[in-house]
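# Topology and contacts: notes
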Amino acid sequence: MFQVIGGRSVQAARLCAPRAAVLVEAVRGRKSRTDPTAKSKEGRIKVPPPVDPVEMVVLKERYSEYQLIMRALRLEFKEEVLRKKYEEETGSLAEERTRQEAEEHRALMAWNDQENQRLLKLRLLRIQKEKEQAEQQKIEAAIQREKQQQEFIQEKEKEILQLQEDAKHFITLENLDERIEAALDNPKNYNFAIDKEGRVVKQTVLQ
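As the structure is a computational prediction, the values presented were derived from the model and not from experiment.

### Structural notes on the overall build of the protein
- When helices and strands are tallied, the protein shows five helices and two strands.
- When the helices and strands of the protein are listed from N to C terminus, the series reads α-α-α-α-α-β-β.
- Here the protein holds 207 residues, and the buried ones make up 5% of them.
- Contacts in the protein between residues at least 24 apart in sequence constitute 34% of all its contacts with a sequence separation of at least 6.

Here's what the structure looks like:
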């Protein structure tokens, strides 16, 4: 009987299932707890049903046998679960899982190396491009500075030429008398008013 039941059958699973609690109704029918005893049952004395001694012995033996069978089933199932767990941790399944993890690790490391090489090439290209751009910017900045220097020199040369041209009309000791006579001969009136457009709108007459 033990071998037949121990074969992972549906009946064995039902036997090993936890037993549900017995539900007892708090109140039966429509009678409340405070209602008195019915008149038809006032004088009744509850007598337990008779028990057959032979039947009681048979029931006890069967119940003891049932308990032994259920304990054996529980132990067998528990042992099987523990054995599977042990095999998964230290047995062939663990070795297979370790091998798979090692292969996955090697594959990931190879992919990581390839990715590092790819990123290294991209980084070197980017650094080379940035270096070329920096050199180009330096050359352009030097050309711009040279151009500004040439423009500055040309502007200063123009100022010098203009200053030399203006120096021809400066008042010196040699032409002082001549310039005084010219100023007296050609007087200029600077007492005048102009509008927003720069036109002379009012001017006094020289005395």
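Alright, that's what it looks like, and here's the rest.
### With respect to the side chain of Asn175
- The residue Asn175 is located in the loop between helix H4 (92-167) and helix H5 (176-185) in this model.
- Using a relative accessible area of 16% as the deciding quantity, one classes Asn175 as buried.

### A word on a nonpolar patch on the surface
- Residues Ile171, Leu173, Leu176, Ile180 and Leu184 make up a contiguous nonpolar surface patch of roughly 550 Å² in combined accessible area.
- Position of Ile180 relative to the elements: it lies in helix H5.

### A look at helix H3 (residues 53-90)
- Taking 1.5 Å per residue, 38 residues should reach 56 Å; H3 reaches 55 Å between its end C-alpha atoms and fits that length.
- Looking at H3, one finds that the buried residues are Ile69, Met70, Leu73 and Glu80.

### Some words on a negative patch on the surface
- The grouping of Asp177, Glu178, Glu181 and Asp185 at the surface amounts to a negative patch.
- With respect to the helices and strands, the residue Glu178 is situated in helix H5.

### A word on the environment of Arg199
- If you trace the backbone, Arg199 turns up in the loop between strand E1 (192-194) and strand E2 (200-203).
- Judged by relative accessible area, Arg199 falls into the exposed class, the value being 54%.
- Excluding residues that lie within four positions of it along the chain, Arg199 makes contacts with Ala193 and Ile194.

### Notes on the confidence of the model for the protein
- For the protein, per-residue confidence averages 82 on the pLDDT scale, and residues scoring 70 or more make up 83% of the total.
- H4 holds the highest mean pLDDT among the elements of the protein, 91, whereas helix H1 (residues 2-5) holds the lowest, 40.

### A closer look at the pattern of salt bridges
- All chains considered together, the criterion is met by eight salt bridges.
- Between Arg99 and Glu103 there is a salt bridge, with its nearest N and O atoms 2.7 Å apart. Taken together, the residues Arg99 and Glu103, both in helix H4 and four residues apart, mark about one turn of the helix.
- What makes Arg99 partly exposed here is its relative accessible area of 38%.
- The exposure class of Glu103 is partly exposed, given its relative accessible area of 37%.
- Taken together, the shared-partner salt bridges connect Asp195, Glu197 and Arg199 into one network.

### Here we look at a positive patch on the surface
- A cluster of basic residues, Lys31, Lys41, Arg44 and Lys46, forms a positive patch at the surface.
- With respect to the helices and strands, the residue Arg44 is situated in the loop between helix H2 (10-16) and H3.

What counts, and where the lines are drawn
Throughout this description, residue numbers start from 1 for each chain and increase along the sequence as written. This being a predicted model, a pLDDT of at least 70 is required before a residue's local features are given, and a value of 80 or more before pairs of side-chain atoms are given or counted; all residues contribute to the totals for chains, interfaces and linings. For side-chain calculations, the full set of non-hydrogen atoms in the structure is used, while hydrogens and water are omitted. Runs of E in the DSSP output that reach at least two residues are strands. Runs of H or I that reach at least four are helices, and both are numbered from the N terminus. Here the term buried applies to any residue with accessible area under 20% of the maximum for its type, exposed to any over 50%, and partly exposed to those in between, with areas from a 1.4 Å probe on protein chains only. The contact definition used throughout considers only heavy atoms, calling two residues in contact when any of these lie within 4.5 Å. A patch consists of residues exposed above 30% relative accessible area that lack any salt bridge, with like charges linked at up to 9 Å and nonpolar side chains (Val, Leu, Ile, Met, Phe, Trp, Tyr) linked at up to 5 Å. Using a 1.4 Å probe, the Shrake-Rupley method yields the accessible areas, and only the shown protein chains count as cover for residues. The term salt bridge refers to a pairing of a side-chain nitrogen on Lys or Arg with a carboxyl oxygen on Asp or Glu at a separation within 4 Å. Here a helix's expected span is defined as the number of its residues, less one, multiplied by 1.5 Å. Asp and Glu count as negative and Lys and Arg as positive, but His and the ends of the chain are not part of the count. A single reference atom marks each charge: NZ on Lys, CZ on Arg, CG on Asp, CD on Glu. pLDDT expresses, on a scale from 0 to 100, how confident the predictor is about each individual residue.

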